[in-house]
Amino acid sequence: MLFTIKPGRILIKEGILLPETVRFESESCVPGWRLVKDLDGYGMDRKIREAGWTFFCVAGQVGATVFGIDEQKTVCRAVEQILAKLELAEFNSMEIIRVASEASKRFLGVRYVTVSAQSRHIQESAPLFRTKDPPVRDRVRSAVA
C-alpha cells in the first residue's frame, strides 16, 4: 500500500457523480472507496465549489480504535470500521480528522490506532431537501406585496 491515511485526507465512494471540471488523482484504499492523493478537504472543497457544486459536512464525527502490529494496515482497518458504522448514512465522501497511534502498555507493546473522521457529501445543488412550499420568508414577502 502506497497511500498514507492522515488528517485532512479525503476518501470518496467509488463511482460517484462528480463535475466534469473536477479532476484529481486517487487510489484504491478500502473496498468501495478511493483515497484522494493530491487534495485535502480544503482543496477539494475549493475545486467542487468552483464547479458550482457543494461539498458539505454531515453532522457528527465518528471514530474507531484498532489494535495491530503494522500501523498502516491498522489505520485501514479503523477506516473500514468507521465506514461500517456509517453504512446506512447517506454520504459519498469522508474526511479524516485525526489519526493517533501509540504503543499500548496493557497489551505487551502492541500498537493501537485511533482514527476520527467526518462524513462529507458532494452534490450538484446546495439544498439537502427540496420542498414544494417556498421558504417562510418568501411567503411573507409575497403576502405583504
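Above this note sits the structure.
A brief structural summary. Here the structure is a predicted model, which is why all the values come from computation and not from measurement.

Conventions and cut-offs
Residues numbered from 1 in each chain as written. Predicted model: local features only at pLDDT ≥ 70, side-chain atom pairs only at ≥ 80, totals over all residues. Heavy atoms only, no water. Core = buried A, V, L, I, M, F, W, Y, C linked by side-chain atoms within 4.5 Å. Buried < 20%, exposed > 50% of the residue type's maximum accessible area, 1.4 Å probe, protein only. Helix = DSSP H or I, 4+ residues; strand = E, 2+ residues; numbered from the N terminus. Contact = heavy atoms within 4.5 Å. Phe/Tyr/Trp six-rings, centres within 6.5 Å; stacked < 30°, edge-to-face > 60°. Lys NZ or Arg CZ within 6 Å of the ring centre and 35° of its normal. Polar contact = N/O pair within 3.5 Å; in protein donor to acceptor, adjacent residues only side chain to side chain.

### Comments concerning the nonpolar core
One broad trend across soluble globular proteins is that nonpolar side chains are buried collectively. One finds Ile5, Leu11, Val79, Ile82, Met94, Ile96 and Val115 to be the most contacted residues of the largest nonpolar core, which totals 22 residues. Mapped onto this core, the elements with two or more residues apiece are strand 3 (33-40), strand 4 (54-68), helix 2 (71-85), strand 5 (93-103) and strand 6 (111-123). The biggest single contributor to this core is helix 2, with six residues. Once residues lying within four places of it in the same chain are set aside, the contact partners of Met94 are Arg9, Ile10, Leu11, Trp33, Val79, Ile82, Leu83, Leu86, Ala117, Gln118 and Arg120. Judged by nonpolar contacts, the second largest core, of eleven residues, contains Ile12, Ile16, Ile48 and Ile122.

### Focus: the packing of aromatic side chains
Summed over the entire model, instances satisfying the criterion amount to two aromatic pairs. A ring pair is formed by Phe67 and Tyr112, whose centres lie 5.6 Å apart and whose planes are at 45°; its orientation type is tilted. One end of the pair, Phe67, is in strand 4; the other, Tyr112, is in strand 6, and 45 residues separate them in sequence. Since its relative accessible area comes to 36%, Phe67 is described here as partly exposed. Note on Tyr112: relative accessible area 24%, which makes it partly exposed. The side chain of Lys13 reaches across the aromatic face of Phe91, ending 5.9 Å from its centre. The ring centre of Phe55 lies 3.9 Å from the NZ or CZ of Arg120, which sits over that ring.

### A few points about helix 1 (residues 41-50)
Buried within helix 1 we find Gly41, Gly43, Met44, Asp45 and Ile48. Structurally, the start of helix 1 carries an N-cap: the backbone nitrogen of Tyr42 is 3.2 Å from a side-chain oxygen of Asp40. Just downstream of helix 1 lies Gly52, where phi reads positive at about 85°.

Remember, this is a structural readout, not a statement about activity or role.
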